[in-house]
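Summary of the model geometry
Next come the chains, spelled out residue by residue.
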Amino acid sequence: MRFVDEYRDPDLARALSAKISTLAEPGRHYKLMEVCGGHTHAIYRFGVHDFLPETVELVHGPGCPVCVIPMGRVDDGMAIAERNPDVILTCFGDMMRVPGSNGSFLDGNARGADIRMVYSPLDALRIARQNPDRQVIFYAIGFETTAPSTALTLVRAKREGITNFSVFCNHVTIIPAIKAILDSPDLRLDAFVGPGHVSTVIGCRPYEFIPRDHGKPLVCAGFEPLDVLQAIEMIMRQLADGRAEVENQYARIVPWDGNRQALATMADVFELRPYFEWRGLGFISHSALKLSQRYADFDTELRYDVPGVRVADPKSCQCGEVLKGVLKPWECKVFGTACTPETPIGTCMVSSEGACAAYYNYGRYAKKRLPLHV
Amino acid sequence: MPKQFTEAEVIERIEDMRRRRPRFTDTQITMSHGSGGKASRQLVEGLIVPLLDNPALACLGDAARVQVEGATLALTTDSFVVHPLAFPGGSIGELAVNGTVNDLAAAGARPISLAAALILEEGLDAEVLRGELEAMAAAAQQAGVPVVTGDTKVVERGKADGLYITTTGVGLVASDVALAPELVQPGDKVLVSGTVGEHGMAIMLARGQVDLDADIRSDTAPLWPLAEALLATCGADLHCMRDATRGGVATVLNEIVLTCQLGAVVIEDKVPLRPEVVGACELLGIDPLYVANEGKLVAFVAPDRADEALEALRAHPTGAAAAIIGEVAEEPAGRVLGRTGFGGHRMIDMLVGDPLPRIC
Amino acid sequence: MAVPLTVVEAGALDARCRDDDGREEVVAVELVGPVGAGDRVLVHAGVALERLTPHVAAGPAPTQSSEAVL
């Protein structure tokens, strides 16, 4: 992938690292939140920490699609798959391991349910076409990056008149989550690294309230390690200049106004839910999507008897605090002991984008400075 | 108020847990137990080994060593349950021969002969079976190891996925061969015999779950010629070899450092990868270090012999893309670190369950 | 995970796309308007989310000064 390699150049990384160190005011501690789980993953996967001064701290945000799914919604999906033998439940790979109170979808398969991993909701629709005698459900998760794919799939299903396909919609939206973080009293952040691919769809304008109302910079960033470092450098420059603005580091991909066609398709297919429960963050109003009236025939929640029971997180689980950035992964009581990637208690330990799993899998080594020129 | 631990204490506590013998506490078998990662380790070391306990089994190598009247034999067995039966670059019959030959080779044993047990599902197309037997015969001939005995069972339709093959191999270990994770030393270089991740990715694409079209073929190949070349070139300076199958190179490295309680550093840029594999892995969010191989050796060699070892591997067509991918150090004990092409560091942990594509 | 791909053969709804290393997949392109062979698109979960101008997609590595990219 030549396209990618040029964003992983260690010499450029060292140059940006030096600039960030220069911009950091001596004696000041900086807390920057990367909102998106894709960034959390990239930061640990590529060792971005190794290029930051110790006073620049990255706080992991709530933007991991799998992490914010509450336990009750996992149980709902499982109940539909287990009670209806004609159902093929499909979902993205990293959803398969999320624990519900009755185990994960992988456990459901071991008990005889038919839950399959797909790469795209269009693959789920293909399975529906190939299995006309089965009911195929797509268990949809994700922010505005993924919601357009689900929307487009529903448009096609309707156009083709496919009747054995429906969507169990858990799509969420990023702005209410950022608002919830900003309103949280126990967190003092200096700035945000904004989600790159979400912004491809929604553009940069929806973030303008952050500098305007809260006086904090946000820089939309790409997902290569140099993208993240450069976004941090841009944030540090804003802070040094005393500015607070929305800037776009990822201009090679993110248009300032987003993708209007995708937004129009989403507006046709979805409508806002009055409220939705987020794992750890609780109920947030107007923070999630359901199928619109026009697509009611494809709404799994209307087709099937869904338990819809709210299931409290295990008492020991502190995913909420981790998702809000209040706790670092290793500060959670059960991190790495009772809760590990193979026996996750909370969602943050499941997806490789979850702060806990990313830290456990990639970041768990003594942070003494390792030589870079071996 | 519970005691608040520091980050370093938390990390140390986790290492203590990792060093303990894994326990098997699951109530049922899930697919994770077969993936070669942590769950597999819990099943093997937490249930199977304790119940069948004996010194040869406890070594947990690719093959067990058995002393017979002065000679050292290596014994190994492996079951093949791949779906689909044929995939780009190979098929179950070829895999069943090479897989067992390679377990012997990684143990430093010259493969002598194989036994094969076939489980056939009612309704299996006879032509498919004939084709797989021909593939076994061809692979056996290429590896120079005959299939000398076998068994056949037929199960009812729906009770098996067409065809399962179990092969058992016996090999001879020369008297001067000593290979074990405990022999690995700080400073040892880590070699891999070629490009990684092809078999697992070829299977994933052949299953048709992801709508990708890439020219990725399984790397199934017999490894004894490479193992023999390394043994001849390095002698006692070759400290350990492994066949990097399920769980990939990352899992093999973790198994070794957990046993010898040394650390390994992998220079990610040095890991040989075909661009098609890199592309498919990037797209699916899968780390190629965790993807299965069926024809790749990982070898630990004393540093001053590493270049000769590399030459020896590269002299053989199967090893043409061999590379030195890292080295062993005292620290961090029991862990594998990666130095990324970007210049940062990360842990390379054991795989948890099957590698599942991530979404965002 | 979203990746940039190049359109090889465009239809009204779907396009066959290829990455720099020759791997191909069929991508739904309805959300980015009509595309033609040679166009670059950003693809997530089998759906093109954005069209990239050839200039930008093949663009230079990030510059060292943040002003230059703004």
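Read on for a plain summary of the structure.

So, how was this worked out
Residues numbered from 1 in each chain as written. Chains lettered and ligands numbered in written order. Predicted model: local features only at pLDDT ≥ 70, side-chain atom pairs only at ≥ 80, totals over all residues. Heavy atoms only, no water. Core = buried A, V, L, I, M, F, W, Y, C linked by side-chain atoms within 4.5 Å. Buried < 20%, exposed > 50% of the residue type's maximum accessible area, 1.4 Å probe, protein only. Contact = heavy atoms within 4.5 Å. Helix = DSSP H or I, 4+ residues; strand = E, 2+ residues; numbered from the N terminus. Axes fitted to C-alpha atoms, helices over the stretch in contact; angles between N-to-C directions. Parallel < 35°, antiparallel > 145°, perpendicular 65-115°, else oblique. Left-handed = near helix turned anticlockwise from the far one by under 90°. Nonpolar A, V, L, I, M, F, W, Y, C, P; charged D, E, K, R; others polar. Buried area = accessible area lost by both parts, 1.4 Å probe. Salt bridge = Lys/Arg side-chain N within 4 Å of Asp/Glu carboxyl O. Polar contact = N/O pair within 3.5 Å; in protein donor to acceptor, adjacent residues only side chain to side chain. Pairing = 2+ DSSP bridges.

1. Things to note about the nonpolar core
All names here are of chain A. Phe105, Tyr139, Phe165, Tyr207 and Phe335 are the most contacted members of the largest nonpolar core, which totals 121 residues. Those residues within four positions of Phe105 in sequence are excluded, and the remaining contacts are Val74, Gly77, Met78, Leu89, Cys91, Met95, Met96, Val98, Ile115 and Tyr139. By size, the runner-up hydrophobic cluster in this structure holds 30 residues, among which are Leu32, Phe46, Val219 and Leu226.

2. Some details on the environment of A:Ala140
All names here are of chain A. Looking at the element boundaries, Ala140 is found in strand E5 (residues 135-142). For the pair Ala140 and Phe168, spaced 28 residues apart in sequence, the C-alpha to C-alpha distance is 5.9 Å. Not counting residues up to four positions away in its chain, the partners in contact with Ala140 are Thr150, Val167, Phe168, Cys169, Asn170 and His171.

3. Observations regarding the packing of helix H2 (residues 10-23) of chain A against helix H11 (residues 225-241) of chain A
To characterise two packed helices, one gives the angle between the axes of the helices and the distance between these axes. Residues and elements named next belong to chain A. For the pair H2 and H11, interaxial distance at closest approach is 9 Å and the crossing angle is 20°. Between H2 and H11, the angle falls in the class roughly parallel. As for how H2 packs across H11, the hand of that crossing is left-handed. Of H11, the residues touching H2 (which contributes Leu12, Ala13, Leu16, Lys19, Ile20 and Leu23) are Leu226, Leu229, Gln230, Ile232, Glu233, Met236, Arg237 and Ala240. Class assignment of the residues belonging to the contact of H2 with H11 gives a composition of 10 nonpolar, 1 polar and 3 charged.

4. Some points on the interface of chain B and chain C
Across the contact, 14 residues belong to chain B and 11 residues belong to chain C. Interface of chain B and chain C: buried area, both sides summed, is about 1100 Å²; carbon and sulfur atoms make up 60% of it. The interface formed by chain B and chain C holds 0 salt bridges in total. For the pair chain B and chain C, the number of links is 0 residue pairs in polar contact (both at pLDDT 80 or more). When residues of the side of chain B that touches chain C are traced back to their parent elements, those giving at least two are strand E9 (212-213) and helix H9 (275-284) of chain B. Sort the elements by how many residues they give to the side of chain B that touches chain C and H9(B) lands first, with 6 residues. Classifying every residue of the side of chain B that touches chain C by side-chain character gives 7 nonpolar, 2 polar and 5 charged.

5. What to know about the sheet that holds strand E8 (residues 218-220) of chain A
Strands in a sheet are paired, the pairing made by backbone hydrogen bonds, and the direction either parallel or antiparallel. Residues and elements named next belong to chain A. Within the open sheet, the 5 strands sit side by side as E2-E1-E7-E8-E9. Their pairing is parallel. Of all strands in the sheet, those bounded by a partner on one side alone are strand E2 (56-63) and strand E9 (246-248). Each adjacent strand pair in this sheet contributes to an overall mean axis angle of 20°, direction not counted. Sheet analysis places strand E1 (residues 30-36) next to strand E7 (residues 191-194), joined by 3 bridges and oriented parallel. Looking across to E7, one finds that Met33 is bridged to Phe192.

6. Topic: the interface of chain B and chain A
With 50 residues of chain B at the interface, the matching set in chain A holds 55 residues. Together chain B and chain A conceal approximately 4600 Å² of surface at their shared face, both sides included; 58% is due to carbon and sulfur atoms. Where chain B meets chain A, there are 1 salt bridge. Between chain B and chain A we count 5 residue pairs in polar contact (both at pLDDT 80 or more) in total. Sort the elements by how many residues they give to the side of chain B that touches chain A and helix H1 (residues 7-19) of chain B lands first, with 8 residues. Grouping the constituent residues of the side of chain B that touches chain A by class yields 20 nonpolar, 15 polar and 15 charged.

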